[in-house]
Amino acid sequence: MNYLIAGGLLLCMLGWLVSAYQRMMQLRENAVRFWMQIEREVKHRHDMLIELLGNAAPDFPLVGQEMSKVMKVNDSCMTLMQQSPLMDNAREMENFVRQEKELSVVMENLFAVCEQHPDWKVGEHLPRLKKEYGVSRHQLARLHHSYNVAVCVYNDTIHAFPSVVVARAFHFSAAALCE
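What you see is a predicted model; the values in this text were computed from it and never measured. (Residues numbered from 1 in each chain as written. Predicted model: local features only at pLDDT ≥ 70, side-chain atom pairs only at ≥ 80, totals over all residues. Heavy atoms only, no water.)

A cluster of nonpolar side chains, Leu-11, Leu-14, Trp-16, Leu-17, Val-18, Tyr-21, Met-25 and Phe-170, forms an exposed patch at the surface whose accessible area comes to about 710 Å². By relative accessible area, Val-18 is classed as partly exposed at 41%. (Patch = residues over 30% accessible without salt bridge, like charges linked within 9 Å, V, L, I, M, F, W, Y side chains within 5 Å. Areas by Shrake-Rupley, 256 points an atom, 1.4 Å probe, with all protein chains shown as cover. Salt bridge = Lys/Arg side-chain N within 4 Å of Asp/Glu carboxyl O. Buried < 20%, exposed > 50% of the residue type's maximum accessible area, 1.4 Å probe, protein only.)

Summed over the entire model, instances satisfying the criterion amount to five aromatic pairs. Taking 5.8 Å as the distance between ring centres and 75° as the angle between the ring planes, the aromatic pair formed by Trp-35 and Phe-96 counts as edge-to-face. Taken together, the residues Trp-35 in helix H1 (residues 2–56) and Phe-96 in helix H3 (residues 90–115) connect sequence positions 61 residues apart. This pair shows no difference in class: Trp-35 is buried, exactly as Phe-96 is. Aromatic side chains Trp-35 and Tyr-147 sit 5.2 Å apart centroid to centroid with 55° between the ring planes, which places their arrangement in the tilted category. Highlighted residues: Trp-35 in helix H1 and Tyr-147 in helix H5 (residues 125–159), separated in sequence by 112 residues. According to the relative accessible area criterion, Tyr-147 is buried, its value standing at 0%. One aromatic cluster in this structure is built from Tyr-21, Phe-170 and Phe-172. Over the face of the ring belonging to Phe-111 we find Lys-130, whose NZ or CZ atom lies 5.7 Å from the ring centre. (Phe/Tyr/Trp six-rings, centres within 6.5 Å; stacked < 30°, edge-to-face > 60°. Helix = DSSP H or I, 4+ residues; strand = E, 2+ residues; numbered from the N terminus. Lys NZ or Arg CZ within 6 Å of the ring centre and 35° of its normal.)

For the largest pocket, the calculated volume is near 230 Å³. Surrounding the largest pocket, 13 residues form its lining, Glu-100, Ser-104, Arg-137, Leu-140 and His-144 being those nearest its centre. (1 Å grid on protein atoms, 1.4 Å probe; cavity = no way out; pocket = protein on both sides within 12 Å on 5 of 7 lines; lining within 4 Å. Points joined across faces, edges and corners; volume = space filled by probe spheres on them.)

Summarising the element assignment, Arg-28 is placed in helix H1. Polar contacts involving the side chain of Arg-28 include one to the side chain of Asp-88, which spans 2.6 Å. (Polar contact = N/O pair within 3.5 Å; in protein donor to acceptor, adjacent residues only side chain to side chain.)

Taken over all residues, the pLDDT of the protein chain has a mean of 86, while the share at 70 or more is 91%. Ranking the elements of the protein chain by mean pLDDT puts helix H4 (residues 118–122) last with 61 and helix H6 (residues 163–169) first with 93. (pLDDT = per-residue confidence, 0-100.)

What follows deals with the side chain of His-144. As for its placement among the helices and strands, His-144 is situated in helix H5. Relative accessible area serves as the criterion here: at 16%, His-144 is assigned to the buried category. In this structure His-144 touches Ile-38, Phe-96, Glu-100 and Cys-178, once residues within four positions along its chain are discounted. (Contact = heavy atoms within 4.5 Å.)

Examined against the element boundaries, Arg-45 turns out to sit in helix H1. Residue class for Arg-45 comes out buried when judged on its relative accessible area of 3%. Residues Arg-45 and Asn-74, spaced 29 residues apart in sequence, show a C-alpha to C-alpha distance of 8.6 Å. Setting aside its immediate chain neighbours within four residues, Arg-45 contacts Asn-74, Cys-77, Glu-100, Leu-103, Tyr-133, Ser-136 and Leu-140.

Attention shifts here to the nonpolar core. Core analysis: the largest hydrophobic core is formed by 28 residues, its most contacted members being Trp-35, Ile-38, Met-93, Phe-96 and Tyr-147. Mapped onto this core, the elements with two or more residues apiece are H1, helix H2 (64–83), H3, H5 and H6. In this structure Trp-35 touches Met-81, Leu-86, Met-87, Met-93, Phe-96, Tyr-147 and Cys-178, once residues within four positions along its chain are discounted. Counting 17 residues, the second-largest nonpolar core is a separate cluster that includes Leu-53, Met-67, Val-70 and Tyr-133. (Core = buried A, V, L, I, M, F, W, Y, C linked by side-chain atoms within 4.5 Å.)

Our focus in this paragraph is unusual backbone geometry. Cis geometry marks the peptide bond from Phe-161 to Pro-162; its omega dihedral reads 10°. Residue placement: Pro-162 occurs in the loop between H5 and H6. Look at His-171: it is not a glycine, yet its phi comes out positive at around 60°. Of note, His-171 is situated in the segment after H6.

Structural data, given as structure tokens:
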């Protein structure tokens, strides 16, 4: 009878262990899926800025300096995105977020300079650039929020008892927030 009780307890513990492991894997994968969507949107924005600013640059040399600042920051965002898995590196994630904020600043500067040039205001480039950049920025903000929620749930799960036992045994590590 004691063997039957011990076997039942062991089976229950094993079932819980497998369940906890699967839950952590699902939560991690959920965060990874949101991060992959962020990567796709950053790549889309990068390509869009290259296309729109590249097509406009020869026609509007007066705003060329602002355009080159935008392209430099845009390229550094892409470089950071491609270098390492940012999800697992808080410092690199901070650098990426800083570059994203800097891109917002240089884009606002570009829009301000462009507003001073009547040719740009009536042309097709500035309105299209503002619209597509705005859509991309909104999409990225939504994805950042969803990613951060997913990471918080995952991080909370791997740090809560008794899940922390499984997390440590299988080397689950906290993911970095994109704040």
